[in-house]
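Each chain, letter by letter, is given below.
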Amino acid sequence: MMRELRYRDRDTVIHRLNPVVKLVWGIGLVVLSLLFSHPVYLVALLAVILIMIRLAGIWREWTPVLKLCLWLGVSIIIINALVSYHGDHVLAEAPFTLPVLGQPVITLEAIAYGAVMAVKLTIIISAFTFINLTVHPDDIMSVLLKMKLPYKSVLVTSLSTRFIPCLIDDAQRINDAYRTRGALPSTGNWFSRIKRQAGIIIPLLSSSLDRAIQVAEAMEARAFGTGQNRTYYKNVVLSGFDWLILVCVLLPLVAGILIRVFGYGDYEYFPVLQSIHFEGVPFILLGILLMLLLSVIPLAFIQRRVEFD
Amino acid sequence: MIELRDFTFTYNGAVKPALQDVNLAIEGGEFVLITGPSGGGKSTLCRCFNGLVPHFYGGTVGGKAEVQGMDILRTPPKELAMKVGMVFQDPENQLVTSDVEREIAFGLENLGFPVNLIARRVEEALDTVNIAGLRFRRHHELSGGEKQKVAIASVLALHPDVLVLDEPTSELDPQSAEEVLRLLERLNDELGITVVLVEHRLDRVVHLVDRLMQRLREKGLEFDELPLTVKEARLKLQKALGKVNTTRPADEHAAKDPVMNIDRMWFSYGDRTALRDISMTVNRGEFIAVMGRNASGKTTLVKHFNGLLRPGKGRITLDGVDTSRYSVDELSRWIGYVFQNPNDHLFADTVEEEVAFSLKNRGVAPEEIEKSVERMLQRFKLTEYRKSYPRSLSGGEKQRLALASVLVTGPRIIVLDEPTRGMDFALKQELTGFLTDYCRDGNAVVMVTHDVETVAECADRVVLLSEGRVVVDGSRREALSKALLFSPQVNRLAQALSSYGVADTTLTVDEMLGQIT
């Protein structure tokens, strides 16, 4: 799964968008999903990110992420239902009481709340997956540098992400060697097995350190950190049209904040689920928000036309 | 261009100097090969040319080292980086960014070159190394050989006068290695770049052909000087060759006594089929070499032997018993597995404990363990290091320790994945010595390797894989002679001399000597 989540060049309108645009759009979506608690808004936001993922042609890479989200979502719903006893619609009652928590009950409201949290989490993870799969990691680095983050910190971050696949390979290999030495018998209780598993940490650490020294050496040999003003060969440059799109992807964020300021998009789960009253003003507002979020798609198509001409 | 006078260097905390009183002069435009045993200070020497020693590593320096008249000690690494480019062994660990263009630009960016000049240099470097087609690729999409070329390009972009390469091909398969070496030759020929190369592969070639000629000299044949390549050797031998006797090299065929049997096995990683319809037998006392191009399924195949991978279709039997019933842990009693990098084998705090590790895991009685460990330490000449920390041993010692720690359980089959990669000639001989001894006791050795010379010396049988299929399964003589890519140097020589009566199935130096009187 880790390997599939690596960026790959593709020729889609989304991949052609400026990295700054994609970053702002994706982070904007995450902020929006945190702003709203109304289920209709959240489902709509989920639909928006799915449309973008589809358009970017990364549906196949995203499906394992969805699987992860489902697992997380189900566990959130279960845990929330088991520990949150608010809400008036009791579906089940425990025949005993717990200290501090009181009598455990499972309520419809707690389940609904858990479900909406799961949707939120899916939106956030999907948005980051979208950024990860459509923005070249070096471009992310360039954007961060443009935001005046210190070069060395940015480089360390990008280096460590680059070497994650190597680390996974190392771990796999060392684990195989460990198994062939009879160190991980299929018998024994889980505690002793976990303890034995920890034996691969030292060799893994030492191979990572070797790697780190070699990388440092290679950088030193190419005049890294010589103290002069470093130049940057590839910069993220925003064209006039990019600026236009950038403004357009900032609009939904502004709109979302205004909607919340005027008191829409909120939802009460406890003690009783609020009725999903959704016509008139809230409906129109959501429509506007979605239009603004999706406006990036026609703009992306127009940009490609312009570039081809 | 490069001059060392009485140069001595000691790493911090080391007792003995890594380099002692080195005197050396390299002229501009030369192609210099540095050879020597593992642990002989080759890497340290390389690193002093561009100031990594002592600027990066730190240590005590004596004597004088100059590059183009600049004192290495007093010149900042920045300036040295522009004079001396350095390429390292592991292609993965010297690429800093994540795509080819940025990688080539990295050094120039560090030096603060203006963007338009960087663009020009990147273009130049891509063309010089002939990898313009890779420019937008990301590193994980490249093969090892391509990565190494990118590393060379990224150094060339700085316009160095000297290119220093520390075993640049030891992690590559033979074809990619050949390409990288040819590239270096061209850079030296056409651009006049001084190349300083540490390389085992050339070392081996020179060594074998040299040894043959040296011994022919002892037999009375006259050569003015020893040849360096197969071509030179051929020309010299053609002139000097006298009588050739008609004894043909032959192998004795031992009775076949199967221990492991693989029956119509298939395997795939997700959508990619890695092994197709593999059937083969491993016999007692047999030394099998598994060969083939990269990604032809060699490692995938041998990982099935001890259950690290399980067949998708087909079955594997050990002494007639289906192995699918046993875990890796249980199978490892009968089948030992030695990974390519001995570091992956080292889990314990002392050499002694390392050897005892597998036995302890299996709950063997302490007196028993002590006896077995003692035997192994003696056999692998590790007794004096018994209390040492395994990772502080030298490369060859680590390899012996890895072998000892696997053989201590007395497996019937031992699988080795590219054990000779990056080893010098002496270490290889030592290893194959242990392995043939082990075979003689009625055990089987299965070795995945690219190393044709080693196979020619000691394998009984060769299994050649291609695209996950067995394409050749036969004696080494059938598999290695008359083939172009997979034939050893001596065989290439013999093929060229077959019109003089030398058998074209000759594989080793000794066989060749047996024919020439």
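This structure is a prediction, so every number in the text was calculated from the model and none was measured.

Colleague: I would appreciate a short explanation of the overall build of chain A in the present structure.
Modeller: Within chain A, the secondary structure is distributed over 13 helices and two strands. Against the compact-globule benchmark of 19 Å for 309 residues, chain A has a radius of gyration of 25 Å, which places it well outside the compact range. Projected onto its principal axes, the C-alpha coordinates of chain A cover approximately 70 × 65 × 35 Å. Here chain A holds 309 residues, and the buried ones make up 30% of them.

Colleague: Honestly, the overall build of chain B in this entry has me stumped. Any pointers?
Modeller: The number of helices and strands found in chain B is 19 helices and 18 strands. For chain B, whose C-alpha radius of gyration is 25 Å, the value lies close to the compact-globule estimate of 24 Å for 517 residues. Considering only C-alpha atoms, chain B reaches an extent of 70 × 60 × 50 Å along its principal axes. For chain B, contacts bridging at least 24 residues in sequence account for 68% of all contacts bridging at least 6.

Colleague: Can you help me understand the domain arrangement of chain B in this one?
Modeller: By convention, interface size is frequently given as the accessible area that disappears when the constituent parts associate. All names here are of chain B. Looking at chain B, the domain boundaries give domain 1 (2-198), domain 2 (202-250 + 501-515) and domain 3 (258-480). Distance from the C-alpha centre of domain 1 to the C-alpha centre of domain 3: 35 Å. At the interface, seven residues of domain 1 touch eleven residues of domain 3.

Colleague: Would you mind going over the sheet that holds strand β9 (residues 258-269) of chain B with me for this structure?
Modeller: To summarise the sheet geometry, strands pair through backbone hydrogen bonds and adopt either a parallel or an antiparallel arrangement. The strand order across the open sheet built from four strands is β10-β9-β12-β13 (chain B), with neighbouring strands paired in antiparallel fashion. Looking at strand neighbours, the two that pair on one side only are β10 (272-283) and β13 (321-322) of chain B, the edges of this open sheet.

Colleague: Would you take a moment to explain the domain arrangement of chain A for this structure?
Modeller: Per the domain assignment, the segments making up chain A are domain 1 (13-147 + 235-308) and domain 2 (163-224). Distance between the C-alpha centres of domain 1 of chain A and domain 2 of chain A: 37 Å.

Colleague: How should the nonpolar core be read in this particular structure?
Modeller: Soluble globular proteins tend to pack their nonpolar side chains together in the buried interior. Ranked by internal contacts, the top residues of the largest apolar core, which has 87 residues, are B:Ile288, B:Val290, B:Ile413, B:Val415, B:Val445 and B:Val446. Take this core: its biggest share by element is six residues, from helix α14 (residues 395-407) of chain B. With residues up to four places along the chain from it excluded, the contact list for B:Val445 reads B:Phe287, B:Ile288, B:Ile414, B:Leu435, B:Tyr438 and B:Cys439. Counting 65 residues, the second largest nonpolar core, distinct from the first, contains A:Tyr233, B:Ile104, B:Phe106 and B:Ala151.

Colleague: It is not clear to me how the environment of A:Ile124 should be interpreted in this structure. Could you clarify?
Modeller: Residue and element names in this part refer to chain A. Here Ile-124 is to be found in helix α5 (residues 108-134). Overall, the presence of 19 C-beta atoms within 10 Å leaves Ile-124 in the partly exposed class. Counting along the chain gives 91 residues from Ile-124 to Ser-33, while the straight-line C-alpha distance between them is 7.4 Å. Once residues lying within four places of it in the same chain are set aside, the contact partners of Ile-124 are Val-30 and Ser-33.

Colleague: I keep staring at unusual backbone geometry and nothing clicks. Help me out?
Modeller: Across the chain, the bulk of peptide bonds are trans and the bulk of non-glycine residues have phi less than zero. Following A:Phe270, the chain continues to A:Pro271 via a peptide bond in cis, the omega torsion being 0 degrees. The topology assignment puts A:Pro271 in the loop between α11 (240-261) and α12 (281-294). The step from B:Val53 to B:Pro54 runs through a cis peptide bond, and the omega angle for that step is 5 degrees. Structurally, the position occupied by B:Pro54 is in helix α2 (residues 52-56). Unusually for a residue other than glycine, B:Asp21 sits at a positive phi of about 45 degrees. Examined against the element boundaries, B:Asp21 turns out to sit in strand β2 (residues 19-26). We note that B:Ala295 has phi near 65 degrees; this positive angle belongs to a residue other than glycine. Tracing the chain through its elements places B:Ala295 in the loop between β11 (287-292) and α10 (298-303).

Colleague: Whenever I open this one, the packing of helix α2 (residues 19-35) of chain A against helix α3 (residues 39-55) of chain A confuses me. Can you help?
Modeller: All names here are of chain A. Direction vectors running N to C along α2 and α3 enclose 165 degrees, while the axes themselves pass 10 Å from each other. Taken together, the axes of α2 and α3 lie roughly antiparallel to each other. With respect to the hand of their crossing, α2 and α3 are arranged in left-handed fashion. When α2 is examined against α3, the residues Leu-29, Leu-32 and Ser-33 are found in contact with a partner set consisting of Leu-42, Leu-45 and Ile-49.

Colleague: For this particular structure, what's the right way to read the interface of chain B and chain A?
Modeller: Listed per partner, the contact involves 49 residues of chain B and 44 residues of chain A. Of all the secondary-structure elements, those providing two or more residues to the side of chain B that touches chain A are α2, α3 (77-83), α4 (100-110), α5 (115-129), α11 (328-331) and α12 (351-361) of chain B. Sorting elements by how many residues they give to the side of chain B that touches chain A places α4(B) first, with six residues. Considering only residue class, the side of chain B that touches chain A consists of 22 nonpolar, 17 polar and ten charged.

Colleague: How should I be thinking about the confidence of the model for chain B in this particular structure?
Modeller: Detailed reading of the predicted coordinates is not advisable wherever pLDDT is low. On average, chain B scores 86 in pLDDT, and the residues at 70 or more come to 92%. Scored as a complex, the prediction yields pTM 0.83 and ipTM 0.84.

Colleague: Explain the sheet that holds strand β17 (residues 461-466) of chain B to me, please; I cannot follow it from the model alone.
Modeller: Residue and element names in this part refer to chain B. Strand order across the open sheet formed by six strands is β14-β15-β16-β11-β17-β18, with mixed pairing between neighbours. Sheet topology places β14 (335-338) and β18 (469-475) at the edges, where each strand pairs with a single neighbour. Going from strand to strand, the sheet's axes swing by 15 degrees on average, the running direction of each strand aside. Pairing of β11 with strand β16 (residues 444-448), which is carried by four bridges, proceeds in the parallel orientation.

Colleague: Hey, could you run me through the environment of B:Glu430 in this one?
Modeller: Residue and element names in this part refer to chain B. Along the chain, the position of Glu-430 falls in helix α15 (residues 425-440). Looking at Glu-430, the number of C-beta atoms within 10 Å reads 16, which means it is partly exposed. Each C-alpha atom, one on Glu-430 and one on Phe-380, is 9.9 Å from the other, the two residues being 50 residues apart in sequence.

Colleague: Would you explain the pairing of strand β8 (residues 194-198) of chain B in this entry?
Modeller: Along any regular strand, the residues point their side chains to alternate faces of the sheet. Residues and elements named next belong to chain B. Counting buried residues in β8 gives four out of five residues, a clear majority hidden from the surface. Pairing geometry for strand β3 (residues 31-34) and β8, over four bridges, is parallel. Its bridge partner lying in β8, Val-32 is registered against Val-196. As paired strands, strand β7 (residues 162-166) and β8 are joined by five bridges and run parallel to one another.

Colleague: What's the story with the pairing of β9(B) in this structure? I'm lost.
Modeller: All names here are of chain B. Where β9 and β10 come together, eight bridges link them in antiparallel fashion. Pairing of Phe-267 across the sheet is with Leu-275, part of β10. With antiparallel pairing between neighbouring strands as the criterion, β9 and β10 make up a hairpin whose turn holds two residues, including Gly-270 at a positive phi of roughly 60 degrees.

Colleague: So what exactly am I meant to see when it comes to the environment of A:Ile58 here?
Modeller: Residue and element names in this part refer to chain A. With respect to the helices and strands, Ile-58 occurs in the loop between α3 and α4 (59-83). Ile-58 sits in the buried class, given 25 other C-beta atoms within 10 Å. Residues Ile-58 and Ile-131, 73 residues apart in the sequence, show an inter-C-alpha distance of 11 Å. In this structure Ile-58 touches Ile-53, Leu-133 and Thr-134, once residues within four positions along its chain are discounted.

Definitions and cut-offs
Residues numbered from 1 in each chain as written. Chains lettered and ligands numbered in written order. Predicted model: local features only at pLDDT ≥ 70, side-chain atom pairs only at ≥ 80, totals over all residues. Helix = DSSP H or I, 4+ residues; strand = E, 2+ residues; numbered from the N terminus. Rg over C-alpha atoms; globule rule 2.2 N^0.38 Å. Buried ≥ 20, exposed ≤ 12 C-beta atoms within 10 Å, placed from the backbone. Contact = placed C-beta atoms within 7 Å. Domains from an automatic or database assignment. Pairing = 2+ DSSP bridges. Core = buried A, V, L, I, M, F, W, Y, C linked by C-beta atoms within 7 Å. Axes fitted to C-alpha atoms, helices over the stretch in contact; angles between N-to-C directions. Parallel < 35°, antiparallel > 145°, perpendicular 65-115°, else oblique. Left-handed = near helix turned anticlockwise from the far one by under 90°. Nonpolar A, V, L, I, M, F, W, Y, C, P; charged D, E, K, R; others polar. pLDDT = per-residue confidence, 0-100.

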